[in-house]
Protein chains: 2
Amino acid sequence: MKKARTTITDIARELNISPSTVSRALNNHPAISKKTRDAVIELAKTLNYQPNLLALNLLRKRTNTIGIIVPEITSSFFSSVINGIQDLLSPLGVNMMISQSNESMEEEKSILRSFASIRVDGFLISPSSETKNFDHLKILTDNNIPLVIFDRDCEGLEVDKVFVDEYSGAFQAVEYLVKTGCRRIAHIAGPLSLSTARHRLKAYKDALALHHVPVKEEYIVESSGFTPEHGIKPTQKLLALPSPPDAVFAINDGVAIGAMYVIKKAGLVIPDEISVVGFDDDPHSCYFSPSLSTVWQPTYELGMLSARILMKRINSNNDLSDIRVEELYPELIVRGSSK
Amino acid sequence: MKKARTTITDIARELNISPSTVSRALNNHPAISKKTRDAVIELAKTLNYQPNLLALNLLRKRTNTIGIIVPEITSSFFSSVINGIQDLLSPLGVNMMISQSNESMEEEKSILRSFASIRVDGFLISPSSETKNFDHLKILTDNNIPLVIFDRDCEGLEVDKVFVDEYSGAFQAVEYLVKTGCRRIAHIAGPLSLSTARHRLKAYKDALALHHVPVKEEYIVESSGFTPEHGIKPTQKLLALPSPPDAVFAINDGVAIGAMYVIKKAGLVIPDEISVVGFDDDPHSCYFSPSLSTVWQPTYELGMLSARILMKRINSNNDLSDIRVEELYPELIVRGSSK
DNA sequence: AATGTTTATGCAAACCTTTGCATAAAAACA
DNA sequence: TGTTTTTATGCAAAGGTTTGCATAAACATT
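As recorded by an unreviewed UniProt entry, chain A carries the name LacI family transcriptional regulator and is attributed to Mariniphaga sediminis.

Dropping the structure here:
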């Protein structure tokens, strides 16, 4: 038998006063006598009264909850971003509804619908790799629901966005490889439906071109994901080339770790015979042998900034006059896997 | 200027019918004429009507949302558990509010209060390492709010619980080390406020005792956390002993990775001179060199089962007659870091 | 004593939706 | 035509909270 939770009316009935008085007493309204206030507060405590935010939210048309949709939660990248988001939101008393799209556009849409019905105050979304059509996101802005896109771009959608300057990060990495004498530099790209993967690929090509290193198509392979497993096959393909690469720039640390594994298995010495550079600075990367050179991304800051912009938008009543597009800067970290 | 979202009353006014009729039309109530129903549904679509679940939840006293509190989200362990939780909940149309306690009891309490006010239907909690007093959890059960504890125990609290049999996992690991000839087996324990850490320590001692290997206090060191960084100092301490260990069993893979790093830096060969075994089977562990032997835990299943039990409890109106305590089985995975 | 002022409280509406009950209109039947 | 049945719709309450306005009681002022 489920006993109902204590409400403001329960307290009122017990004390023979009206619910309004109870409400005011609990909210420190000045026009309440000390006697009444004390009595109310005490009874509330003994009855373990907890305000029903559903009712209040309905009244205020505000839930103090924001919806977060990420492709996956298990990657160190996104979990670290979420960390940053929580650290900004928590002191503000704002809750997070989190869900993963598993890189599926259908799931993304369905989560979106669900969050919208719950009336979250705003959205923080990093779109799935399948998401090419932004109608579902457009509906949010059409309905004046604040939305901030982070990390992965939705080109053409006019909302606040926060990115890492992937181009710069990748450019630094490749340029550095060239400068340390590598000439046959390969790139294991990510799924090219992602803006991030495209930017890194472009930077790779541009950096090579700038330094007059020919761009060869056979040195560019695409991985279908971001785990070490996804790095195995592409690396095997690269090593099997007539003229195998003397450096590999991988889309992220996960794939780079897979690459190192294959390279070492093949009896090649890193970095003497082949350099490896990743992206993300996964917390484990510096403990590999050799430790993995990589491009650090300010993930925590990315989360914080995205959340801060979203909250500002929410509190300014979603006035869309000044859309912000912010870029954070990544940093090359040279370790043992490169010369 | 924020335009209000479409409500059922807007549709009713527009169509000159009552809100009840609109509600019934949208819910396929039989006593509505086809003509009215069609008109309603069409208008709802063009106005992009989305039901306000706040109102409905208030009426139903049910939010279809559950609250999840974990110590941290960035560890592969907990993010994988959350993965399992979502995969069970999602098809049921249940949402997740997720928050991290950051191993702080105060934060845990405050998140709890917040989730309770939001009226989540139930809780899935893995307590922080600081949590020794369970009053705040007791309040939940006192108020008939379903709660499932997972992974870390709250001894004395009578609620549903789902664990991994840590003892068995650790015992397997240590016994295996003994059987491969190690005699000076060290243990880097986790924070001993955690039931999991205590169980593993006990298994370590018991396994040694069973095989008549003396338990030496200097071989037991405590780490204050679970990252590679937390493994550095304890390992240095172990290696500095007059008679350094020939095997290290670490509280988890993170710490084991830190240990391997220190050991290799010291010029010792793994596993010839010293074996290392971790716990958790972090996705990266098999790509280290040598690859890390570890104890795999069914994290995904842990999440699924916990969520399943919670949903059952919620749907059975929290009838507490049959508290369940479930245990899942871990498995030793032998790789290159041990003989 | 009469009036004005302050203090403490209550009433009722609003937020949005569902649903039991009542009822009007239409259809079917005698 | 009058009565019963069916069909389609509306009314009002409920869920818990806040808040503008009204008001009763207590106090202060002349």
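That was the structure; now back to the text.
Asker: I would appreciate a short explanation of unusual backbone geometry in the present structure.
Answerer: Among all residues save glycine, negative phi is the norm, and among peptide bonds the norm is trans. All names here are of chain A. For the bond from isoleucine 270 to proline 271, the omega torsion is 5°, close enough to zero to count as cis. On the secondary structure map, proline 271 appears in the loop between helix 11 (253–265) and strand 9 (275–277). Residues serine 289 and proline 290 are joined by a peptide bond in cis, for which omega reads -5°. With respect to the element layout, proline 290 can be found in the loop between strand 9 and strand 10 (294–296). Although it is not a glycine, asparagine 16 sits at a positive phi angle of roughly 60°. For asparagine 16, the location among the structural elements is in the loop between helix 1 (8–15) and helix 2 (19–26). For asparagine 16, a relative accessible area of 73% corresponds to the exposed category. Notably, arginine 119 is not glycine yet its phi reads approximately 70°, a positive angle. Looking at the secondary structure, you find arginine 119 in the loop between helix 6 (105–118) and strand 3 (122–125). Owing to a relative accessible area of 11%, arginine 119 belongs among the buried residues under this scheme.

Asker: Explanation requested: the UniProt feature "domain: HTH lacI-type" (unreviewed entry) in chain A in the structure shown.
Answerer: Per the UniProt entry, the sites bearing "domain: HTH lacI-type" (unreviewed entry) are residues 6–60 of chain A in this numbering. Spanning residues 6–60 of chain A, this segment combines 67% helix with 0% strand, and its end C-alpha atoms are found 21 Å apart.

Asker: What is the right way to look at the environment of Ser338(A) in this model?
Answerer: All names here are of chain A. Mapped onto the elements of the fold, serine 338 is located in the segment after strand 12 (331–333). Counting along the chain gives 323 residues from serine 338 to leucine 15, while the straight-line C-alpha distance between them is 75 Å. Among all residues touching serine 338, those that are not within four sequence positions of it are Tyr176, Pro271, Ser275, Val276, Val277 and Ser293.

Asker: What is the right way to look at the protein's contact with DNA strand C in this model?
Answerer: Surrounding DNA strand C, one finds 26 residues, the nearest of these being Thr21(A), Lys61(A), Ile8(B), Ser23(B) and Tyr49(B). Within 4 Å of the protein, the contacting atoms of DNA strand C are 64% sugar and phosphate, with bases supplying the remainder. Contact distances for DNA strand C include 2.8 Å between a base oxygen and a side-chain N or O atom of Arg24(A). Where the surface near DNA strand C is concerned, the elements lending two or more residues are helix 2 and helix 4 (53–60) of chain A together with helix 2 (19–26) and helix 4 (53–60) of chain B. It is helix 4 of chain B that provides the largest number of residues to the surface near DNA strand C, a total of four residues. A class-by-class count of the residues in the surface near DNA strand C yields 11 nonpolar, 11 polar and four charged.

Asker: Honestly, the packing of helix 2 of chain A against helix 3 (residues 34–46) of chain A in this entry has me stumped. Any pointers?
Answerer: To characterise two packed helices, one gives the angle between the axes of the helices and the distance between these axes. All names here are of chain A. Put simply, helix 2 and helix 3 touch, their axes get as near as 9 Å, and they point 85° apart. By the angle between their axes, helix 2 is roughly perpendicular relative to helix 3. Judged by residue contacts, Thr21, Val22, Ala25 and Leu26 of helix 2 engage Thr36, Arg37, Val40, Ile41 and Ala44 from helix 3. Tallied by class, the residues present in the contact of helix 2 with helix 3 amount to six nonpolar, two polar and one charged.

Asker: What should I look at first to understand empty space enclosed by the protein in this one?
Answerer: The rolling of a water-molecule-sized probe over the atoms marks out the regions of remaining empty space. Tallying each qualifying case throughout the model produces three cavities of 30 Å³ or more. The space that makes up the largest cavity amounts to roughly 160 Å³. Lining the largest cavity are 14 residues; nearest its centre among them are Leu54(A), Ile118(A), Leu54(B), Thr65(B) and Ile118(B). When contributions to the lining of the largest cavity are tallied by element, the ones reaching two or more residues are helix 4 of chain A together with helix 4 of chain B. Residues of the lining of the largest cavity, tallied by class, amount to seven nonpolar, six polar and one charged.

Conventions adopted
- Residues numbered from 1 in each chain as written.
- Chains lettered and ligands numbered in written order.
- Predicted model: local features only at pLDDT ≥ 70, side-chain atom pairs only at ≥ 80, totals over all residues.
- Heavy atoms only, no water.
- Helix = DSSP H or I, 4+ residues; strand = E, 2+ residues; numbered from the N terminus.
- Buried < 20%, exposed > 50% of the residue type's maximum accessible area, 1.4 Å probe, protein only.
- UniProt positions renumbered as here; feature names shortened; annotations may be inferred.
- Contact = heavy atoms within 4.5 Å.
- Near = heavy atom within 4 Å.
- Polar contact = N/O pair within 3.5 Å; in protein donor to acceptor, adjacent residues only side chain to side chain.
- Nonpolar A, V, L, I, M, F, W, Y, C, P; charged D, E, K, R; others polar.
- Axes fitted to C-alpha atoms, helices over the stretch in contact; angles between N-to-C directions.
- Parallel < 35°, antiparallel > 145°, perpendicular 65-115°, else oblique.
- 1 Å grid on protein atoms, 1.4 Å probe; cavity = no way out; pocket = protein on both sides within 12 Å on 5 of 7 lines; lining within 4 Å.
- Points joined across faces, edges and corners; volume = space filled by probe spheres on them.

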